[in-house]
Amino acid sequence: MTTPAAGPQEHRVRARRVIPGFGLGLGYTMLYLSLIVLIPLSATFIRSFDLGAGHFWTVVTTPRVEAALGLSFGAALIAAAINLPFGLLVAWVLARYEFPFKRLIDAVVDLPFALPTAVAGIALSTLYAPKGWFGRWLLPLHIKVAYTPLGIVIALLFIGLPFVVRTLQPVLEELDPEVEEAAATLGASAWQGFARVVLPALWPALLTGFALAFARGVGEYGSVIFIAGNRPMKSEIAPLLIVTKLEQYDYAGATAIAVVMLVISFALMLAINALQNRALSRPGTR
Amino acid sequence: MTGREAARPKHGSAGRRLLIAAALLFLGVFLVMPLLVVFSAALSKGVAAYAAAITDPLALSAVRLTLTVVAIAVPLNVVFGVAAAWTIAKFEFRGKSALLTLIDLPFAVSPVIAGLIFILLFGSSGWFGAFLQAHAIRIVFAVPGIVLATIFVTFPFVARELVPVMQAQGKDAEETALSLGASGWQTFWRITLPDIRWGLLYGVLLCNARAMGEFGAVSVVSGHIRGLTNTMPLHVEILYNEYNIAAAFAVASLLALLALATLAAKSMLEWREPQLGRHALRAPDRTRRGQA
């Protein structure tokens, strides 16, 4: 699909003749990929066919499953939407300004990638519990975070932030500040310059960062279950319901939920790829 | 960069300070505080209790299991990553971008589902369940299952770091070595590998951090048998659910230290090799176009 149009055939022949290892490399890659990823994943889809379409639909549309799927997707959507402006703020500050300890702060942005999700989960739960450092201040305001859907959003904010920042930051760095300066000399205010010059160039990256954070949030488990409260119909996320069904030996039910999540996640992933390729083919972004 | 900095108009420096303050406040509240609470809670019952929690035999067996799993999963993914990157970067073939997408698949899968797929294959009612039972082989609810689930969730890390590095490297050096009579393996060990070592280290670092900290996938396949199939994150969960909060955070603090060490090493590598990690969240096509 993306092979260069100019003589791929002739290129391939030359490359094969000179550099060895194509057969071995591709063979091993495909073997390992099939054994670890492709066969297990297809097995899951095939197992779900055992259910039959009618039964599959019944499982997926039980109120408890619907509530869990709705919560997982809804909370991930809200968290990604909140992460968008704040991620943009952090990316902007890191890309454009100089300030003390910038390198350290830049490294901190990746903390959610590096910190195990279970550790993040118990830490957030402890922070926002009624007696925690944050919870104790939120309690008089009647804001309950721990053990409510709001807690789920907080956990997904934590998990999703680096996706937004790391997608926006390189684009902002590549964007020439001179264009904004030109806008400024033409009498545009800083905000006008940002809204009319920067934002239009940024939207593919914004959309990609949003989609990445959203996709990660939908499947997130470790950081959420400690703070969520996990009450069926109220604060039970879809991955947790899969675990619950497995513990009850309801493999069919667990598989049905998994298949719904997989289909949506793969669709999201393809959309993200398409988005990025489209952003690349836009002239003048580099 | 500094030249540009100087040339930039000075207006709005108050706004600039406000934006920096807001960004730092946001990062402080949402990222740094959770990290601080880990260490604070870990030491809340004193240093002696902390030491007791991390030298507890069950904690030590969890550490041992986590290290064992990582020692198997990471090298396997490194071999795969190098093979995949070699194939993708050095050759043109049909379906290359489809292959890249397939390699990224595990990142789109919820950790819980990553565990579930191995239960469906190797569990007692799974495809190979009867066969495994007949031969008394345990995969699920045992160490092999934990290793498999860990390999699955860390599958793309090394490959997706190495593909752009090898693409940027081109193939002139290899072609020269080969034309001078070096064998394929000699070329790989003496030319390719030294050239990609920092990218490889970077990928290993990320792969290792995720492998040690994986929770959801491992939790599904582990069976939570104490002293036998409990990794460090699972041990943290059990202690926490037993209201043994200080001990849970003590073990968690070891994982948090690992995360900090990973971030430090990662920053140092990025400082040394600025192109590393810049592509981590983007389609690999971009880097290919970038060097064209």
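A. Inspection of the overall build of chain B at higher detail. The secondary structure content of chain B amounts to 15 helices and 0 strands. In terms of principal-axis extent, the alpha carbons of chain B reach across some 65 × 55 × 30 Å. Of all 292 residues assigned to chain B, the portion counted as buried reaches 56%. Within chain B, counting contacts between residues at least 6 apart in sequence, those at least 24 apart form 72% of the total. Surface exposure of chain B reaches about 12,400 Å², of which carbon and sulfur atoms provide 68%.

B. The arrangement of the overall build of chain A in detail. Summing up its helical and strand segments, chain A has 14 helices and 0 strands in all. With the C-alpha coordinates aligned to their principal axes, the bounding extent of chain A is approximately 65 × 60 × 35 Å. Expressed as a percentage of the 286 residues in chain A, the buried residues total 55%. Restricting the contact set of chain A to residue pairs at least 6 apart, pairs at least 24 apart contribute 74%. A total of about 12,800 Å² of accessible surface is found on chain A, and carbon and sulfur atoms cover 68% of it. Taking the 21 positively charged and 16 negatively charged side chains of chain A as two groups, their mean positions are separated by 4 Å.

C. Just the packing of aromatic side chains, in detail. Taken as a whole and assessed by the stated rule, the structure comprises 26 aromatic pairs over all chains. When the ring of Tyr32(A) is compared with that of Phe155(B), the centres are 5.6 Å apart and the planes differ by 15°; the resulting orientation is stacked. Taken together, the residues Tyr32(A) in helix 2 (residues 22-50) and Phe155(B) in the loop between helix 8 (143-154) and helix 9 (156-169) connect one chain to another. When its relative accessible area of 7% is taken as the criterion, Tyr32(A) is described as buried. Residues Tyr221(A) and Phe215(B) carry aromatic rings whose centres are separated by 5.8 Å and whose planes lie at 20° to one another, so their mutual orientation is stacked. Placement of Tyr221(A) in the loop between helix 11 (190-219) and helix 12 (222-228) and of Phe215(B) in the loop between helix 11 (184-213) and helix 12 (216-222) is noted, with the two residues assigned to different chains. Per residue, the accessibility class of Tyr221(A) equals that of Phe215(B), and both read buried.

D. Layout of the environment of His235(B). All names here are of chain B. Assignment of secondary structure puts His235 in helix 13 (residues 232-241). For His235, a relative accessible area of 5% corresponds to the buried category. Considered as a pair, His235 and Thr192 are 43 residues apart in the sequence and their alpha carbons are 41 Å apart. Setting aside residues no more than four positions away along its own chain, His235 makes contact with Leu58, Ala59, Ala62, Asn230 and Val251.

E. Examining the interface of chain A and chain B more closely. Each partner contributes residues to the interface: chain A has 104 residues there, and chain B has 100 residues. With both sides pooled, the region where chain A packs onto chain B buries about 9,500 Å², and carbon together with sulfur makes up 75% of that total. Applying the counting rule to chain A against chain B returns 1 salt bridge. The partner of Lys266(B) in a salt bridge is Asp110(A), and the shortest N-O contact between them spans 2.3 Å. Where chain A touches chain B, the interface holds 13 residue pairs in polar contact (both at pLDDT 80 or more).

F. Quick look at the nonpolar core. By size, the foremost hydrophobic cluster in this structure holds 199 residues, and its most contacted members are Leu41(A), Leu69(A), Leu115(A), Tyr128(A), Ile242(A), Ile103(B) and Phe152(B). For this core, the element with the highest residue contribution is helix 4 (residues 63-96) of chain A, accounting for 17 residues. In contact with Leu115(A), not counting residues within four places along its chain, are Ala120(A), Phe158(A), Leu35(B), Ala256(B) and Ala259(B).

G. Focus on the confidence of the model for chain B. Residue and element names in this part refer to chain B. For chain B, mean pLDDT is 88; residues scoring 70 or higher make up 91% of the total. The low-confidence segment residues 280-292 (pLDDT under 50) makes 34 contacts with residues lying over four places distant or belonging to another chain. The ipTM, which scores confidence in the relative placement of chains, is 0.88 for this predicted complex, and the corresponding pTM is 0.89.

H. Broad picture of helix 9 (residues 149-174) of chain A. Residues and elements named next belong to chain A. Here helix 9 is 26 residues long and its end C-alpha atoms lie 38 Å apart, about the 38 Å a rise of 1.5 Å per residue gives. At Gly160, helix 9 shows its maximal kink, close to 40°; a proline, Pro162, follows between one and four residues later. With 22 of 26 residues buried, helix 9 lies mostly within the body of the structure.

I. Broad picture of a nonpolar patch on the surface. Together, Ile46(A), Phe49(A), Trp127(B), Phe128(B), Phe131(B) and Ile137(B) give the surface a local cluster of nonpolar side chains, amounting to about 630 Å² of exposed area. Checked against the element boundaries, Phe131(B) lands in helix 7 (residues 129-134).

J. Spotlight on unusual backbone geometry. Residue and element names in this part refer to chain A. In this structure, Tyr147 takes a positive phi of about 65° despite not being glycine. Relative to the helices and strands, Tyr147 resides in the loop between helix 8 (135-138) and helix 9. According to the relative accessible area criterion, Tyr147 is partly exposed, its value standing at 38%. Positive phi is not limited to glycine here, since Met233 has a value of about 75°. Within the element layout of this structure, Met233 appears in the loop between helix 12 and helix 13 (238-247).

K. Seen up close, the packing of helix 4 of chain A against helix 2 (residues 13-42) of chain B. Relative to each other, helix 4 of chain A and helix 2 of chain B sit at 120°, their axes nearing to 9 Å. As summarised for this structure, helix 4 of chain A and helix 2 of chain B are arranged oblique, according to the angle between their axes. Crossing of helix 4 of chain A over helix 2 of chain B shows left-handed handedness. Across the interface between the two elements, Asn83(A), Phe86(A), Leu89(A), Val90(A), Trp92(A) and Val93(A) from helix 4 of chain A touch Leu19(B), Ile20(B), Ala22(B), Ala23(B), Phe26(B) and Leu27(B) from helix 2 of chain B. Of the residues assigned to the contact of helix 4 of chain A with helix 2 of chain B, the class counts are 11 nonpolar, 1 polar and no charged.

L. Focus on the pattern of salt bridges. Counting across every chain of the model gives 12 salt bridges over all chains. The partner of Glu220(A) in a salt bridge is Arg216(A), and the shortest N-O contact between them spans 2.9 Å. Its relative accessible area of 22% is what places Arg216(A) among the partly exposed residues. It is possible to trace a salt-bridge network through shared partners that takes in Asp106(A), Asp110(A), Arg166(A), Lys266(B) and Glu270(B).

M. How the structure looks around the side chain of Asn230(B). All names here are of chain B. Here Asn230 lies in the loop between helix 12 and helix 13. What makes Asn230 buried here is its relative accessible area of 3%. Not counting the four nearest positions on each side in its chain, Asn230 is found in contact with Ser61, Ala62, Leu65, Ser222, His224, Ile225, His235 and Ile238.

N. Main features of the side chain of Ser235(A). Residues and elements named next belong to chain A. Locating Ser235 in the fold gives a position in the loop between helix 12 and helix 13. Here Asn230 takes part through its backbone nitrogen, which lies 3.2 Å from a polar atom of the side chain of Ser235. Among residues more than four places away in sequence, those in contact with Ser235 are Leu71, Pro149, Ile152, Ala228, Gly229 and Asn230.

Parameters at a glance
- Residues numbered from 1 in each chain as written.
- Chains lettered and ligands numbered in written order.
- Predicted model: local features only at pLDDT ≥ 70, side-chain atom pairs only at ≥ 80, totals over all residues.
- Heavy atoms only, no water.
- Helix = DSSP H or I, 4+ residues; strand = E, 2+ residues; numbered from the N terminus.
- Buried < 20%, exposed > 50% of the residue type's maximum accessible area, 1.4 Å probe, protein only.
- Contact = heavy atoms within 4.5 Å.
- Areas by Shrake-Rupley, 256 points an atom, 1.4 Å probe, with all protein chains shown as cover.
- Lys, Arg positive; Asp, Glu negative; His and termini not counted.
- Charge placed at Lys NZ, Arg CZ, Asp CG, Glu CD.
- Phe/Tyr/Trp six-rings, centres within 6.5 Å; stacked < 30°, edge-to-face > 60°.
- Buried area = accessible area lost by both parts, 1.4 Å probe.
- Salt bridge = Lys/Arg side-chain N within 4 Å of Asp/Glu carboxyl O.
- Polar contact = N/O pair within 3.5 Å; in protein donor to acceptor, adjacent residues only side chain to side chain.
- Core = buried A, V, L, I, M, F, W, Y, C linked by side-chain atoms within 4.5 Å.
- pLDDT = per-residue confidence, 0-100.
- Expected span 1.5 Å × (residues − 1).
- Bend = angle between axes of the 7 residues up to and from the residue.
- Patch = residues over 30% accessible without salt bridge, like charges linked within 9 Å, V, L, I, M, F, W, Y side chains within 5 Å.
- Axes fitted to C-alpha atoms, helices over the stretch in contact; angles between N-to-C directions.
- Parallel < 35°, antiparallel > 145°, perpendicular 65-115°, else oblique.
- Left-handed = near helix turned anticlockwise from the far one by under 90°.
- Nonpolar A, V, L, I, M, F, W, Y, C, P; charged D, E, K, R; others polar.

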